Amino acid sequence: MTFRQARYEEPPIWELGGSPSTSEPEPGIARIPERLRRREPLRWPELGELEVVRHYTRLSQMNFGIDTMPYPLGSCTMKYNPKVSELLARRREAQELHPGQPEETVQGALELLWRLERGLSRVTGFPEVSLQPAAGAHGEYAALRMVQEYFRDKGELERRREVILPDTAHGTNPASAAMAGFVAREIPSKDGCVDLDRLKEAVGERTAALMLTNPNTAGLFESEIVEIQKTVHAAGGLLYYDGANLNAILGVTHPGKMGFDVAHLNLHKTFATPHGGGGPGAGVLAASERLAPYLPVPRVVKTGRRFRLDYDRPKSIGKIKSAYGNFGLDLRAYVFLLSHGEEGLKRISRRAVLNSNYLAKKLRESLPGPFRPLVKHEFLLSGAPLKARGVRTLDLAKRLLDEGVHAPTIYFPSLVEEALMIEFPETESRRELDGFVEAFRRAVTDTPEALKSAPHSLAVARVDELEAARRPMLSWRDLRNAANLEAPVPVPPPS
Amino acid sequence: MVRWIPDSAETEGELLKALGLSDTEELFADVPRSVRVGRLGLARGLEEPQAIEAVDKILARNRPYSGFANFLGGRVAVRPIPAAVDAILSRSEFYTSYTPYQPEASQGMLQALFEFQSLWVELTGLDAANASLYDGATAAGEALLLSRRIHEGNRFLVPASLSWEERSVLANYAAGHPIRIEEIPFDGATGGLELAAVKAALASGDVFGCLVEVPNGFGHLDEGWLELRALLGAIPLVALADPLALSVLEPPGAWGADIVVGEGQGFGAAPSFGGPPLGLFACRKEHLRYAPGRIVGATHDAEGRRAYTLTLQTREQHIRRSRATSNICTNQSLLALAFVVYASLVGPSGLRSLQADLAEEAEALVRDLSKVPGITAPRFSAPYLSDFTLEVAGHSGVDFLRELARRKVLGGVPLSDPRSPGPSDPFRSMVRAAATARGQGRARARYVRAARSLLAGGGAAV
């Protein structure tokens, strides 16, 4: 594909206009005790509406999005974000609601949350669902807090200090475990999956939980899931399901059936709410009967025809976020669930897995794929053979950008050398799949010089990330200081 | 059925055939029979018009605040949003993009986030900001954890005026460590921090941080903030601050705050029943390596042009795993974009005059409500901006507000903890009210009428 991204030499916004003038304080400000009153006016430009709109519209044209190109980031499930959801999320009856309004005035919002929870209960196979977490990692943390309180009640918290994870786990898993005060214990995989023998060695009376993504980040279904589940439960531990890869198994299996105790889902992956340049997302917690009492408050309950917020849950971990979750995104996810229905949901996973296997087969003609051939919604390739030509996976990723597609996830998971992790969700057509295959072939076979100097068609050439880290310039203030020849305050490297 | 999955059955058949398969079922041969599920029990899918109808029918059971005399305050702010904000947020190059891992493909979002960080730095007076956290409450939770990385101890001080919701979130963020969160009482007359209690708490040692709210949990200002730096010595001071207030208040960095967090929803995002919100976070550069979240830095490209990229990523979960400074991955980038677009459209003098006008509106509401028998407004004597706290004699705030809503008035948010309702709750009768727009004269009159008739026994018992 011939592709050129817009290239504006768009200055930062403060270079577009003058600073505010100082003036006499208005009466409302004169009331502020003088010692608390702002001495210097806020330093930000005064601009007309068109200046602001043009600035940010130009910036938008220097950004990839799903609406303009495929985004095969593995484990990120970059599927189409339906426009009807955007329309409905902007209804006055959705936006002009304050979380502090009396329950009687927000019955529709509570009903929508309740209906989405009921739907996700069926999708996950768990009786109770909470929509409070803001994102996947936030859901992980909340789930581990629930595990913690569960063992506290059983009097086992003192000894159950460990959370076990396979080395293919998303980075958020060990980070959440550590944040919750557990020791994250990683076990090496075998052929891309959990090594049962290593798991059996690792579990014991110190085990609080196993965190597992299934299918995992190698794109493989953990077929020994029943044995895994029995091993952890036999040791008195719990199983946590990371729902990042749920897109592969909708209507085929679910965490409840696989014997998990608690799960998080990402509505911004499986349920097509937009990623917004990194967020907002929306997390979901789903829990088995034994962990449900620990879900965050409030819970949405239905009494007769009326919906209310129930705070009377003595075992609850309390609140992990203000209000009731990211309602605007819950609404979008509900539209998605409603539109697809039972059959549509099943079609999603069948097509996502079909896309993934088709693409894996074609791309393995260019680069080797580790592990077994049958994959789920995503798969891994290794860029290691490129090294013989002095080229790395990073160069290949940059070269792919020139083809008008986003690069896959790279260098993760670490068990594969020079890894590329590729996911083409169900919303991508055969034409895009074949287009990607061709683009990939062109990129892999390009000259080392072309690969190492890529990209050429974007708003900027290869970005110097080393300079950014060595000499951190993190704000306008840093740039001003640098312009005044004052060295910015250095940031010491992580210990 | 909606057409969100492309291609005909024939085309799908060709893809299968290329794999040497005849049925998609074969793609799931690795899923054991024993964990297979049958029907999930969901309804049939809907066409777009039916889905719109179904969702609109549910939404019709809501009563948006715009249909009321609206004085809802607290962390979630109701403020007019220029139409241009949504025009920018609706650019699908922004809202359908992912975290800018490939900087060359994402300069637009990266530059916008760099501008956002710069704005929060200007508002707070600190050295550096990150590219957003989930919301104000979780940002306070991360600030607590950062404080403990830069100072030893197990006790964290918070004002007793902090809302129950934020205290609960903080407790969850602290739960992985042997941390005690301790409340500093407020002065019954001013609502401000009891500085003597801060001193006493510090004297017994082991304190690793202290949080204040700007304005405080009652909506009021407190000159005591200025004394804290000297009292705390090397102990980190965290301010949980409202961005609009910071357009007229001295930046907390100037009076010694080490970390400034906040809720940014009020800048350009609709309340939307409380989500998505925006967590704001800034700190000193010397502490940045312990700080959470994504950070955008300015650098150059291979041809010497200005460029932006995510930086200092070795703090983050995808690299450092269990030794990361936080587990956060997805953040609130689109809301950060809304924040900087909103502030740029309104401009610094516009923000200042908005805050000034809302403060005057709030003062007028106080003036009128204070004449209603049974209402003490304001409950505290310290100065305030848009929000203040009132007290309803002998009534629960929740019941009072419910009755007001029946009279088309949203009179504020209750300060009581719904987990433990009852007469022992010191906030049972307190309500935080706010001016939400310019020219609220008629709405104000309705509030006063409704409150008067209610408290004179003209309504159902409250």
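Criteria and cut-off values
- Residues numbered from 1 in each chain as written.
- Chains lettered and ligands numbered in written order.
- Predicted model: local features only at pLDDT ≥ 70, side-chain atom pairs only at ≥ 80, totals over all residues.
- Helix = DSSP H or I, 4+ residues; strand = E, 2+ residues; numbered from the N terminus.
- Buried ≥ 20, exposed ≤ 12 C-beta atoms within 10 Å, placed from the backbone.
- Rg over C-alpha atoms; globule rule 2.2 N^0.38 Å.
- Contact = placed C-beta atoms within 7 Å.
- Domains from an automatic or database assignment.
- Nonpolar A, V, L, I, M, F, W, Y, C, P; charged D, E, K, R; others polar.
- Pairing = 2+ DSSP bridges.
- Axes fitted to C-alpha atoms, helices over the stretch in contact; angles between N-to-C directions.
- Parallel < 35°, antiparallel > 145°, perpendicular 65-115°, else oblique.
- Left-handed = near helix turned anticlockwise from the far one by under 90°.
- pLDDT = per-residue confidence, 0-100.
- Expected span 1.5 Å × (residues − 1).
- Arc of directions from axis to C-beta.
- Core = buried A, V, L, I, M, F, W, Y, C linked by C-beta atoms within 7 Å.

A.B. asks: How should the overall build of chain B be read in this particular structure?
C.D. replies: Helices and strands together make up the secondary structure of chain B, namely 14 helices and 15 strands. Counting only C-alpha atoms, chain B reaches 80 × 55 × 50 Å along its principal axes. Burial statistics for chain B: of 462 residues in total, 61% are counted as buried.

A.B. asks: What is the right way to look at the overall build of chain A in this model?
C.D. replies: The secondary structure content of chain A amounts to 15 helices and 14 strands. Here chain A has a C-alpha radius of gyration of 25 Å; the compact-globule value for 495 residues is 23 Å, and the two agree. Taken along its principal axes, the extent of the C-alpha atoms in chain A is 70 × 65 × 50 Å. For chain A, buried positions account for 60% of its 495 residues. Sequence-distant contacts, at least 24 apart, represent 71% of the contacts inside chain A between residues at least 6 apart.

A.B. asks: I keep staring at the domain arrangement of chain B and nothing clicks. Help me out?
C.D. replies: How big an interface is tends to be stated in terms of accessible area lost as the parts join. Residue and element names in this part refer to chain B. For chain B, the assigned domains are domain 1 (66–78 + 348–458) and domain 2 (83–341). For domain 1 versus domain 2, the separation of C-alpha centres amounts to 28 Å. Looking at the side of domain 1 that touches domain 2, the element that brings in the most residues is helix 12 (residues 333–369), giving 6 residues. Of the residues that constitute the side of domain 1 that touches domain 2, the class distribution is 14 nonpolar, 4 polar and 5 charged.

A.B. asks: When you look at the sheet that holds strand 12 (residues 378–382) of chain A in this model, what are you seeing that I'm missing?
C.D. replies: Neighbouring strands of a sheet are bound in pairs by backbone hydrogen bonds; such pairs are parallel or else antiparallel. Residues and elements named next belong to chain A. Here 3 strands make up an open sheet; going across it, the order is 12-14-13 and the pairing antiparallel. Each end of this open sheet is capped by a strand with a single partner; those strands are strand 12 and strand 13 (409–410). In terms of strand pairing, strand 12 meets strand 14 (residues 419–423) through 5 bridges, oriented antiparallel. Paired with Ser382 across the two strands is Ala419, which belongs to strand 14.

A.B. asks: So what exactly am I meant to see when it comes to the packing of helix 10 (residues 327–363) of chain A against helix 1 (residues 9–18) of chain B here?
C.D. replies: When two helices pack together, their arrangement is given by the angle between the helix axes and by the axis-to-axis distance. Where helix 10 of chain A meets helix 1 of chain B, the closest approach of the two axes is 9 Å, and the angle between their N-to-C directions is 45°. When the interaxial angle is binned, helix 10 of chain A and helix 1 of chain B end up oblique. As for the relative orientation of helix 10 of chain A and helix 1 of chain B, their crossing is left-handed in sense. Facing helix 10 of chain A, whose interface residues are Leu354, Tyr358 and Lys361 of chain A, helix 1 of chain B presents Glu12, Leu15, Leu16 and Ala18 of chain B. Classifying every residue of the contact of helix 10 of chain A with helix 1 of chain B gives 5 nonpolar, no polar and 2 charged.

A.B. asks: What am I meant to see in the interface of chain A and chain B here?
C.D. replies: Listed as interface residues are 175 residues of chain A and, on the opposing side, 169 residues of chain B. Broken down by element, the residue count for the side of chain A that touches chain B peaks at 21 residues, all from helix 10 of chain A. The residue inventory of the side of chain A that touches chain B, partitioned by class, reads 90 nonpolar, 49 polar and 36 charged.

A.B. asks: Got a minute to help me understand the pairing of strand 8 (residues 279–283) of chain B in this structure?
C.D. replies: On any regular strand, side chains alternate: one points to one face of the sheet, the next to the other face. Residues and elements named next belong to chain B. The buried count for strand 8 comes to 5 of 5 residues, which makes it a mostly enclosed element. A two-sided burial pattern is seen for strand 8, the buried positions comprising Gly279, Phe281 and Cys283 on one face and Leu280 and Ala282 on the other. Direction of pairing for strand 2 (residues 128–129) relative to strand 8: antiparallel, over a ladder of 2 bridges. Paired with Ala128 across the two strands is Cys283, which belongs to strand 8.

A.B. asks: Teacher, can you tell me more about the environment of Pro185 of chain B here?
C.D. replies: All names here are of chain B. Within the secondary structure, Pro185 is located in the loop between strand 4 (180–184) and helix 8 (195–203). Given 14 C-beta atoms within a 10 Å radius, Pro185 is considered partly exposed. Along the backbone, Pro185 and Gly274 are 89 residues apart, and their C-alpha atoms lie at a distance of 28 Å. Not counting residues within four places of it along the chain, the set of residues in contact with Pro185 comprises Ala160, Glu194 and Ala197.

A.B. asks: Help me understand the sheet that holds strand 6 (residues 237–241) of chain B in this model?
C.D. replies: All names here are of chain B. Pairing is mixed across the open sheet formed by 7 strands, whose spatial order is 2-8-7-6-5-3-4. The sheet is open, and its two edges are formed by strand 2 and strand 4, each paired on a single side. Contacts from helix 7 (residues 164–174) reach strand 3 (155–159) and strand 4 within the one sheet, and its direction differs from that of strand 4 by about 150°. The sheet contacts of helix 9 (residues 225–232) involve strand 5 (207–214) and strand 6, and relative to strand 5 the element is tilted by about 170°.

A.B. asks: I keep staring at the confidence of the model for chain B and nothing clicks. Help me out?
C.D. replies: Any region with low pLDDT has predicted coordinates that should not be read closely. This prediction gives chain B a mean pLDDT of 95; 98% of its residues lie at or above 70. Below a pLDDT of 50 lies the segment residues 458–462 of chain B, which in the model reaches 10 contacts outside its immediate sequence neighbourhood of four places, other chains included.

A.B. asks: Teacher, can you tell me more about helix 2 (residues 48–59) of chain B here?
C.D. replies: Since the α-helix turns once every 3.6 residues, residues separated by three or four places project in the same direction. Spanning 12 residues, helix 2 of chain B covers 16 Å between terminal C-alpha atoms, matching the ideal 16 Å at 1.5 Å per step. Regarding helix 2 of chain B, the residues found buried are Ala51, Val55, Ile58 and Leu59 of chain B. The buried side chains of helix 2 of chain B occupy one side of the element, clustering within an arc of 100° when seen end-on. Exposed positions of helix 2 of chain B whose direction lies more than 90 degrees from the buried face are Pro49, Glu53 and Lys57 of chain B. Those residues of helix 2 of chain B that are buried are in contact with helix 3 (83–89), helix 4 (92–95), helix 5 (107–124) and helix 10 of chain A.

A.B. asks: Where do I start with the nonpolar core in this structure?
C.D. replies: Across soluble globular proteins, you tend to see nonpolar side chains buried next to one another. In terms of nonpolar packing, the biggest core is built from 315 residues, with Met146 of chain A together with Ala338 of chain B touching the most fellow members. Among the elements that line this core, the one with the most residues is helix 12 of chain B, at 20 residues. Those residues in contact with Met146 of chain A, other than ones at most four positions away along the chain, are Val262, Ala287, Leu291, Tyr294, Leu295 and Ile317 of chain A.

A.B. asks: Please clarify how the environment of Glu205 of chain A should be interpreted in this entry.
C.D. replies: All names here are of chain A. Residue position: Glu205 is located in the loop between helix 8 (196–202) and strand 6 (207–213). Accessibility expressed as a C-beta count within 10 Å gives 11 for Glu205, which makes it exposed. A sequence separation of 45 residues divides Glu205 from Arg160, and the C-alpha atoms of the two residues are 6.4 Å apart. Dropping the residues within four chain positions of it, Glu205 is found in contact with Arg159, Ala235 and Gly236.

A.B. asks: In this structure, what is going on with unusual backbone geometry? I would like to understand it.
C.D. replies: Most of the time, phi is negative for any residue but glycine, and the peptide bond is trans. Here the amide bond leading from Val214 of chain B into Pro215 of chain B is cis, since omega sits at -15°, within 30 degrees of zero. Position of Pro215 of chain B among the secondary structure elements: in the loop between strand 5 and helix 9. Note the cis peptide between Gly275 of chain B and Pro276 of chain B, where omega equals 5°. Looking at where Pro276 of chain B falls in the secondary structure, it is placed in the loop between strand 7 (259–263) and strand 8. With phi around 50°, Thr77 of chain A is a residue other than glycine that occupies positive phi space. Along the polypeptide, Thr77 of chain A turns up in the loop between helix 2 (49–60) and helix 3. Thr77 of chain A sits in the buried class, given 26 other C-beta atoms within 10 Å. The phi angle at Ser132 of chain B is positive, at roughly 115°, despite the residue not being glycine. A residue is classified by how many C-beta atoms lie within 10 Å of it, and Ser132 of chain B, with 30 of them, is buried.

A.B. asks: Help me understand the packing of helix 6 (residues 136–154) of chain A against helix 7 (residues 172–179) of chain A in this model?
C.D. replies: All names here are of chain A. As a packed pair, helix 6 and helix 7 sit with axes 9 Å apart at the nearest point and diverge in direction by 40°. Between helix 6 and helix 7, the crossing angle belongs to the class labelled oblique. In this structure, helix 6 meets helix 7 at a crossing whose hand is right-handed. In this structure, helix 6 uses Gly136, Ala137, Glu140, Tyr141 and Leu144 to contact helix 7, whose residues at the interface are Thr172, Asn173, Ser176, Ala177 and Met179. Classifying every residue of the contact of helix 6 with helix 7 gives 5 nonpolar, 4 polar and 1 charged.

A.B. asks: Mind showing me how you'd approach the pairing of strand 9 (residues 296–300) of chain B here?
C.D. replies: Residues and elements named next belong to chain B. In terms of burial, strand 9 is a largely internal element, 4 of the 5 residues being buried. For strand 9 and strand 10 (residues 306–310), the ladder comprises 5 bridges, and the chain directions are antiparallel. Directly across from Ala298, in strand 10, lies its bridge partner Tyr308. The antiparallel pairing of strand 9 with strand 10 creates a hairpin that spans 5 residues between the two strands, and Gly304 there sits at a positive phi of about 85°.

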